[in-house]
Amino acid sequence: MSRKVGHGYVFSRSIVAMVILALVVGCSSGLDIDEIRSFQQTGRFAETIEPLRALLEETPDDPELNHLYGLALLQTGQAALAIWPLRKSAEDPDRAIDDGLLLAKAILASGSAEDAVAAASRVLDLAPDRADVMRVKIAARLKARQNEDVLVDVERLLELNPGDPDALTSRLVALLSLDRAEEAEQTLAEFSEAAKSLDDGYEWEPRICGGTATFLKEKGDLEAAEKLWNDCLEKFPAEELIVFSGVEFFTEISKPQRATEILRLAYEAEPTRLVFIDAYANRLRLTGQVEEGERILLAATEDEQNGIQAWFSLADYYERRGEFTRAAEAMGSGLKQMGNPPPLLIAEYVDLLIRAGEYDEVDKLLPSFEGEPMIANLLRGRLLLVRGKSAEALAALEEGIRLWPNHSVARWLAAQAYEQMGEYDRAVTEYAEALRSEPGNRDALFSLLNLLESLGRDLEAMTVLERYWREKPGDAESLVRAIRLANRMGQQGRLDRTVKRLGEIPSYRGTLVAELAAIQSSRGGPAAGIEFIRNSKLDLTKPINGPALRALVAYLIAEEKHGEALRAADAALAANPKEALFHELRAAALRSAGEMDLAREALESALALEPKRASAMAGLAALAAARGERAAAIAQYDHATRADPDDSSYAWEAIQLVAALGDDAEVERRLEALLVRDPTDADALGLLARQLQPRDSERALSLAQRAVRLRGDPDSLDLLGRIQLERGALEKATELLRRSVALRPDRPSAHYWLGMALVAVGDVEGARSELSAALESETFPEREDAQAQLARLNGD
């Protein structure tokens, strides 16, 4: 069975069969050691991987085989896999220096800068005069932002090689990072002088030009820096260093159009150079020109120079948009053209299949990774996690961690397993370990932030963000989270600083206005949010400012200003009729005004433009539910959940509708599935605990305890108190129910259950007081029981 998608290429089960064949059969599997050496001497590294694997199965500790295998993996871009064999070969005293250097390079390429520093340092202990090792150590220190240490190492490298341009470049970067402008200026002069005497001096010209422009910026002379950057870009329009540094500069000074133009000119200068194709396409994506970005990448898949790699860039493009099925299809097309893809690329493909929900296809592929235990355990653990088998997943992941303790992704997945099991403290530890191993791991970062915020540990969350910014100071999404945290914590100074930093990112102006409007609305109601957005003078007809328009429409609806909400959405649509969000906002305004049929048409228009738009699907579901068409609404919410599995609100809405139908078994099944995706959803934990209490009190107790720990609100406390009461844990029940009543004393049922707990512990007067308080309300489910119990107490 094949599935045809979007632009005419086909995702076929034959791709899976091809991958299995590539893994199992490989190529040149009959090479002996002499032939392997010969192949590698002529640069044919890929063809030696499978034969080396076979030989290592027989003699896994052979230093030369491990050296050759690690070298082959490193040379074919599989640095992460190269670490294990190179670590083994470097244990041989005769190979400790050269293979130790290769190991440091592999670790650095895999993202663990601090570990790479340690590996290079061990080699330098054996060979202190090796300049090539010193360069790797300096590169690792720069990546780890150990700038003071960089300066020390640079001095040593300059002693070995006076005027070394790499050393001077590294010193310049470190000094600029440390805000030591005068020393940086001196280094820049040395660098320029040294480049004149080099045979390849022209190749250093772009670095000198860019370095000088960067220095001017750091010195605060933005006008001179901008002029020089423009000169550099005119002279070197397709030099990677200049292009991407120029894009960064003009983005920072709030000139995003110029940044886009730089990438366009680089792309036009070298239209087959994939690094520019990829960057320009993604720039277009970020500015709302999604189809044009996709068109450019699709065209690149058809040229001979980029064919295979362009498919992988297209897969990455789709992945960034959350379109995992299309990402898997694109990557599969690239793998099929490769013929014999390396295991790491296949692993990435399998991971996309998991995220796309193609679990049966993954089952077919997993046995083929038997020769790669680290990858096998990682993928098996990931698959078991999405299937909700957290204990089995953890066992597989811990085996992978045993093989590679500092593997950031393995730690991140293990943390997810602990989170599914409700072991939140251990999950926090594992997420932190994932970030320690790779400080730029955004998945681990946001998973940790979500958990810490759910646990009410906001200060820790802010500390995590501040550490992350040492690695990624301009990460906009992390700044958005910091704004919310600082506001919730009442830290105005930190809030102001974070707002300023996010305001320096032009593409996030709309998001910033929406966030600040939310703060105003929380203090002064929707009217304050409306006023703030309108006073921002933001052009709300631009798609990039969509978040602010969404907030404005929501506030207008809350204020029952339906006509104004519709006019705001229609103005944006008139300017950009192909923007799905604007059709969706029109639908929201129409629905609030009671125009249900027109609202449905607007949502269908949004889906015609973006068929996988989950929020539009959810809008149609809400309309169906309002019409009383529960089955249709449930189906639409399910579509939305599949389109955006990370948003559990769609699954929760479907569960409410299923519960209204009285199908308890289906409610439980759906709750279990939701908690696999979002183990910290306190509402889902509480509802499942209520469902299970009659027949599985132990699990119900565990779920209720998790809900209390995550939320601690009156409803969660009430639920746990009642479960403890039924279990006979009277003191615990009484304490929990007292806390519940104290937090919200206006609930008669809470007073009733506290009264029943007090009866059980023999506090008759306390029980009378609570039951009487409950009976002040005319309607609540336990009213008759409360009357009878109070009558018995009074009779006694």
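Residues numbered from 1 in each chain as written. Predicted model: local features only at pLDDT ≥ 70, side-chain atom pairs only at ≥ 80, totals over all residues. Heavy atoms only, no water.

Novice: Even after reading the chapter, I still don't get the side chain of Thr680, so can you show me in this structure?
Specialist: Mapped onto the secondary structure, Thr680 falls in the loop between α39 (664-677) and α40 (682-692). With residues up to four places along the chain from it excluded, the contact list for Thr680 reads Glu419, Tyr424, Leu451, Ser454 and Leu710. (Helix = DSSP H or I, 4+ residues; strand = E, 2+ residues; numbered from the N terminus. Contact = heavy atoms within 4.5 Å.)

Novice: What's the story with the environment of Ala79 in this structure? I'm lost.
Specialist: As for its position among the elements, Ala79 is in helix α5 (residues 79-89). Considered as a pair, Ala79 and Leu687 are 608 residues apart in the sequence and their alpha carbons are 46 Å apart. Once residues lying within four places of it in the same chain are set aside, the contact partners of Ala79 are Leu73, Leu74, Ala106, Ala109 and Ser110.

Novice: Help me understand the pattern of salt bridges in this model?
Specialist: Oppositely charged side chains may form a pair once their charged atoms are brought near each other. Throughout the structure, instances matching the rule amount to 64 salt bridges. In this structure, Lys235 engages Glu205 in a salt bridge whose closest nitrogen and oxygen atoms are separated by 3.0 Å. Within this pair, whereas Lys235 is found in helix α13 (residues 222-235), its partner Glu205 is found in helix α12 (residues 201-219), the two being separated by 30 residues in sequence. Lys235 sits in the exposed class, given a relative accessible area of 52%. Overall, Glu205 belongs to the partly exposed group, its relative accessible area being 29%. (Salt bridge = Lys/Arg side-chain N within 4 Å of Asp/Glu carboxyl O. Buried < 20%, exposed > 50% of the residue type's maximum accessible area, 1.4 Å probe, protein only.)

Novice: Is there a simple way to think about the layout of surface pockets in this case?
Specialist: Empty space left among the atoms is revealed by rolling a probe the size of a water molecule over them. What the second largest pocket holds in volume is close to 500 Å³. Contributions of two or more residues to the lining of the second largest pocket are made by α3 (49-58), α4 (63-75), α5 and α22 (373-386). Its residues placed into classes, the lining of the second largest pocket shows 14 nonpolar, 2 polar and 5 charged. (1 Å grid on protein atoms, 1.4 Å probe; cavity = no way out; pocket = protein on both sides within 12 Å on 5 of 7 lines; lining within 4 Å. Points joined across faces, edges and corners; volume = space filled by probe spheres on them. Nonpolar A, V, L, I, M, F, W, Y, C, P; charged D, E, K, R; others polar.)

Novice: Whenever I open this one, the packing of helix α2 (residues 33-41) against α4 confuses me. Can you help?
Specialist: Each pair of packed helices gets described by two things: the angle between the helix axes and the distance between those axes. The contact between α2 and α4 brings their axes to 12 Å, and the two run at 35°. As for the relative orientation of α2 and α4, their crossing is left-handed in sense. In contact with Ile33, Ile36, Arg37 and Gln40 of α2, α4 contributes Glu64, Leu65, Leu68, Leu71 and Ala72. Its residues placed into classes, the contact of α2 with α4 shows 6 nonpolar, 1 polar and 2 charged. (Axes fitted to C-alpha atoms, helices over the stretch in contact; angles between N-to-C directions. Left-handed = near helix turned anticlockwise from the far one by under 90°.)

Novice: Hey, could you run me through the packing of helix α35 (residues 596-609) against helix α36 (residues 614-626) in this one?
Specialist: Following both chains from N to C, one finds α35 and α36 inclined at 155°, their axes separated by 9 Å at the closest point. Considering the angle they form, α35 stands roughly antiparallel to α36. Between α35 and α36 lies a crossing whose hand is left-handed. From α35, Met596, Ala599, Arg600, Leu603, Glu604, Ala606 and Leu607 reach across to α36, where they touch Ala616, Met617, Gly619, Leu620 and Leu623. (Parallel < 35°, antiparallel > 145°, perpendicular 65-115°, else oblique.)

Bear in mind that shape data such as this cannot, by itself, settle questions of function.
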